[in-house]
Amino acid sequence: MASRKADLIVGIQWGDEGKGKIVDRLACEYDMVCRSQGGHNAGHTIWVDGVKYALHLIPSGVLNPKAINVVGNGVVLSPESIIKEMEQFEGLEGRLYISDKAHLNLPYHALIDQAKERLKGDKAIGTTGKGIGPAYSDKINRTGFRVGELLNPAKLCSAIIDYFKQNRAIFDIYEIPTPAQAELLAELEGYKAKLAPFITDTTQMVWKALDADKRILLEGAQGTMLDIDHGTYPYVTSSATVSAGACTGLGINPKDIGKVTGIVKAYCTRVGNGPFPSEDHGEDGKRLGEQGHEFGTTTGRARRCGWFDAVATRYASRLNGCDELALMKLDVLDGFDEVKVCVAYEVDGKEIDYLPSNLEDVKPIYKSFKGWNNSVGARTFDELPQSAQDYVKIIEEISKTKVGIISTSPERDDTIIL
Ligand code: GDP
Ligand code: IMO
Ligand code: MG
């Protein structure tokens, strides 16, 4: 019997495209929503009837009381962060599961992250400071600890103290003290008390759900341009943010993946350092930031803003195997006389139409299109002003991917499903 396939939501740009809104909007059509990578560097915002929810580790299916939410093995989990997040919701038992194979992101990972960034000075990545890189480094170095180990706090505590002993010289450079054993043990016991009912073998769970014909939605975190291999290295995050990452991050195989929806803003933003070819340093960039309320959900930092980058979108669409795009925040372009799209790059005086491995020295080549007013809150394609409809068609053509969803406000129902 062929099992059902899982649909996937993936960020196409530098994160913050509006993945949370779309996952929440679609969650009513799914039985299970799964995260497969990233950690509490993610900030997924959902607005329902004027109430705002900011999610970092809990999948964005949580507002649908019928959906089961899974935090997969590919995530780096801060127990402290997820426990705090869980306090917003009641009755999570039986609706939230955390992989015993996910790696722990412990307080010392954030201290290392922040110390490394400080030492880098003006070469800093501009990380969220949440310990993501160091937690994934420990996983790859085979010196990490996994969520399942929380179930035996005494054993885990002495393993962590041994880890500090073995790495004392390195911790000295970062001026990070070894935790006091009694305090560490109490902390780990606290985590166990809160999290034990949620910890399980999620690989088996997801397989069973697929085999039982359950509908599964996979929720990506960050975005393609932040992918550890395919993004703007080293200004990236430390996980595989592309659709392929969902396979290793949950224990499913490529054949288990069905429809892939790439989430893109109708313009572009980036938070943190690193190349961003279509960034607008002038009035337009400022206006996009103001109209789009572009401040980070996790760190509150102002996001850098610029125009839609069709070259990066084509690249990301091919990398992820996108069947369709969800075009978000179209309403933010309301009121511009003209809107621009980066259609190609210039490198060493030559025009190229693909994304080179190094984006440091590329210049954007733009085409301009007529702007519009009043797309905000549109719920059907016909309600959109003519120029906005034209813009959607242009994005579709130039990105070589059809637009299947359009979003016109942060609210769940201000969404056009085509
Ligand atoms: P994510 O990380 O991809 O889930 O995105 P974030 O939640 O970090 O950032 C997207 C922001 O845009 C959030 O504040 C959303 O509430 C908001 N948003 C999502 N879709 C729309 C939209 O269509 N229009 C407007 N104006 N805001 C939106
Ligand atoms: P969501 O899921 C936007 C960025 C950071 C920094 C780089 C590395 O909300 O789209 P890290 O802390 O991961 O080591 O930082 O990645 N970054 C994000 N930018 N949205 C995110 O998540 C991000 N998660 C990480 O700003 O540039
Ligand atoms: Mg975000």
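These numbers were taken from a predicted model, which means no experiment stands behind them. (Residues numbered from 1 in each chain as written. Chains lettered and ligands numbered in written order. Predicted model: local features only at pLDDT ≥ 70, side-chain atom pairs only at ≥ 80, totals over all residues. Heavy atoms only, no water.)

Trainee: I keep staring at the side chain of Thr-261 and nothing clicks. Help me out?
Mentor: Along the chain, Thr-261 turns up in strand S11 (residues 257-265). For Thr-261, a relative accessible area of 3% gives the class buried. If near-sequence neighbours (up to four positions away) are discounted, Thr-261 is found in contact with Leu-8, Ile-9, Val-10, Glu-324, Leu-325 and Ala-326. (Helix = DSSP H or I, 4+ residues; strand = E, 2+ residues; numbered from the N terminus. Buried < 20%, exposed > 50% of the residue type's maximum accessible area, 1.4 Å probe, protein only. Contact = heavy atoms within 4.5 Å.)

Trainee: What am I meant to see in the site of ligand 2 here?
Mentor: Among the 21 residues in the neighbourhood of ligand 2, the closest are listed as Asp-16, Lys-19, His-44, Thr-128 and Thr-237. At a separation of 2.5 Å, an oxygen atom of ligand 2 approaches a polar side-chain atom of Thr-128. Within the backbone of Val-271, one N or O atom sits 3.0 Å away from an oxygen atom of ligand 2. In isolation ligand 2 exposes 550 Å². Once the protein is present, 98% of that is buried. Grouping the amino acids of the shell around ligand 2 by side-chain chemistry returns 8 nonpolar, 10 polar and 3 charged. (Near = heavy atom within 4 Å. Polar contact = N/O pair within 3.5 Å; in protein donor to acceptor, adjacent residues only side chain to side chain. Areas by Shrake-Rupley, 256 points an atom, 1.4 Å probe, with all protein chains shown as cover. Nonpolar A, V, L, I, M, F, W, Y, C, P; charged D, E, K, R; others polar.)

Trainee: Any chance you could explain the layout of surface pockets here in plain terms?
Mentor: Remark: the empty space left among the atoms is shown by a probe the size of a water molecule rolled over them. Computed from the structure, the second largest pocket encloses a volume of approximately 570 Å³. Put simply, the parts of the chain that give the lining of the second largest pocket at least two residues each are helix H1 (19-26) and strand S3 (44-48). Residue classes in the lining of the second largest pocket are distributed as 6 nonpolar, 12 polar and 9 charged. (1 Å grid on protein atoms, 1.4 Å probe; cavity = no way out; pocket = protein on both sides within 12 Å on 5 of 7 lines; lining within 4 Å. Points joined across faces, edges and corners; volume = space filled by probe spheres on them.)

Trainee: Hey, could you run me through empty space enclosed by the protein in this one?
Mentor: Counting across every chain of the model gives 1 cavity of 30 Å³ or more. If you add up the space inside the largest cavity, you get close to 60 Å³. As for the largest cavity, its lining consists of 14 residues, of which Ser-36, Gly-220, Thr-241, Val-242 and Ala-246 are closest to the centre. Contributions of two or more residues to the lining of the largest cavity are made by strand S1 (6-11), strand S10 (216-219) and helix H9 (245-250). In terms of residue count, S1 provides more of the lining of the largest cavity than any other element does, 3 residues in total. Within the lining of the largest cavity, the residues separate by chemical class into 7 nonpolar, 6 polar and 1 charged.

Trainee: What is the right way to look at helix H2 (residues 79-86) in this model?
Mentor: Along an α-helix, residues three or four apart share an orientation, since each turn contains 3.6 residues. Among the 8 residues of H2, 6 are classified as buried, and the element is accordingly described as predominantly covered. Tucked inside the fold, the buried residues of H2 contact strand S4 (51-55), strand S5 (68-71), strand S6 (76-77), strand S7 (96-99), strand S8 (103-104) and helix H7 (181-195).

Trainee: Looking at this model, I keep getting lost on the sheet that holds strand S15 (residues 324-328). Mind explaining?
Mentor: In a beta sheet, neighbouring strands pair by backbone hydrogen bonds and run either parallel or antiparallel. One open sheet holds the 10 strands; their spatial order is S9-S7-S5-S2-S10-S1-S11-S15-S19-S20, and the pairing between them is mixed. The sheet terminates laterally at strand S9 (199-200) and strand S20 (415-417), the two strands that pair on one side only. The pairing of S1 with S11 spans 5 bridges and is parallel. Considered in S11, the bridge of Gly-11 is made with Ile-263. (Pairing = 2+ DSSP bridges.)

Trainee: What am I meant to see in the packing of aromatic side chains here?
Mentor: Within a pair of aromatic rings, the relevant descriptors are the distance that separates the centres and the angle that separates the planes. Applying the stated criterion across every chain yields a total of 11 aromatic pairs. Ring plane angle 20° and centroid distance 6.2 Å describe the contact between Tyr-53 and Phe-89, whose orientation is recorded as stacked. You can see Tyr-53 sitting in strand S4 and its partner Phe-89 sitting in the loop between H2 and S7, a full 36 residues away along the chain. An angle of 90° between the planes, with centres 6.1 Å apart, marks the rings of Tyr-108 and Phe-171 as edge-to-face. Of the two residues, Tyr-108 is situated in helix H3 (residues 107-120) and Phe-171 in helix H6 (residues 168-173); the sequence distance between them amounts to 63 residues. The two residues Tyr-108 and Phe-171 agree in class, both being buried. By way of ring pairs, the aromatic residues Tyr-108, Phe-145, Tyr-163, Phe-164 and Phe-171 are connected into one cluster. (Phe/Tyr/Trp six-rings, centres within 6.5 Å; stacked < 30°, edge-to-face > 60°.)

Trainee: Help me understand the pattern of salt bridges, please; the structure alone is not making it clear to me.
Mentor: Pairing is possible between side chains of opposite charge, provided their charged atoms come close. Considering all chains together, one arrives at 15 salt bridges under this definition. Across the pair Lys-19 and Glu-17 runs a salt bridge, and its minimum N-O distance is 2.8 Å. Residues Lys-19 and Glu-17 agree in their burial class; the two are buried. (Salt bridge = Lys/Arg side-chain N within 4 Å of Asp/Glu carboxyl O.)

Trainee: Is there a simple way to think about the pairing of S7 in this case?
Mentor: In the case of a regular strand, side chains alternate between the two sheet surfaces. When S5 meets S7, the two strands line up parallel, connected through 3 bridges. Following the sheet pairing, Asn-69 is matched in S7 by Leu-96. Two strands pair when backbone bridges link them, and S7 and S9 are joined in this way by 2 bridges, in the parallel orientation. Of the residues in S9, the one forming a bridge with Ser-99 is Thr-200.

Trainee: For this particular structure, what's the right way to read the nonpolar core?
Mentor: Considering soluble globular proteins, one finds that nonpolar side chains tend to be buried as a cluster. In terms of nonpolar packing, the biggest core is built from 52 residues, with Leu-218, Leu-330 and Tyr-391 touching the most fellow members. When near neighbours in sequence (up to four residues on either side) are disregarded, Leu-218 contacts Ala-6, Asp-7, Leu-8, Ile-9, Cys-34, Ala-246, Leu-250, Ile-252 and Ile-257. (Core = buried A, V, L, I, M, F, W, Y, C linked by side-chain atoms within 4.5 Å.)

Function cannot be inferred from these measures alone, as they are strictly geometric.
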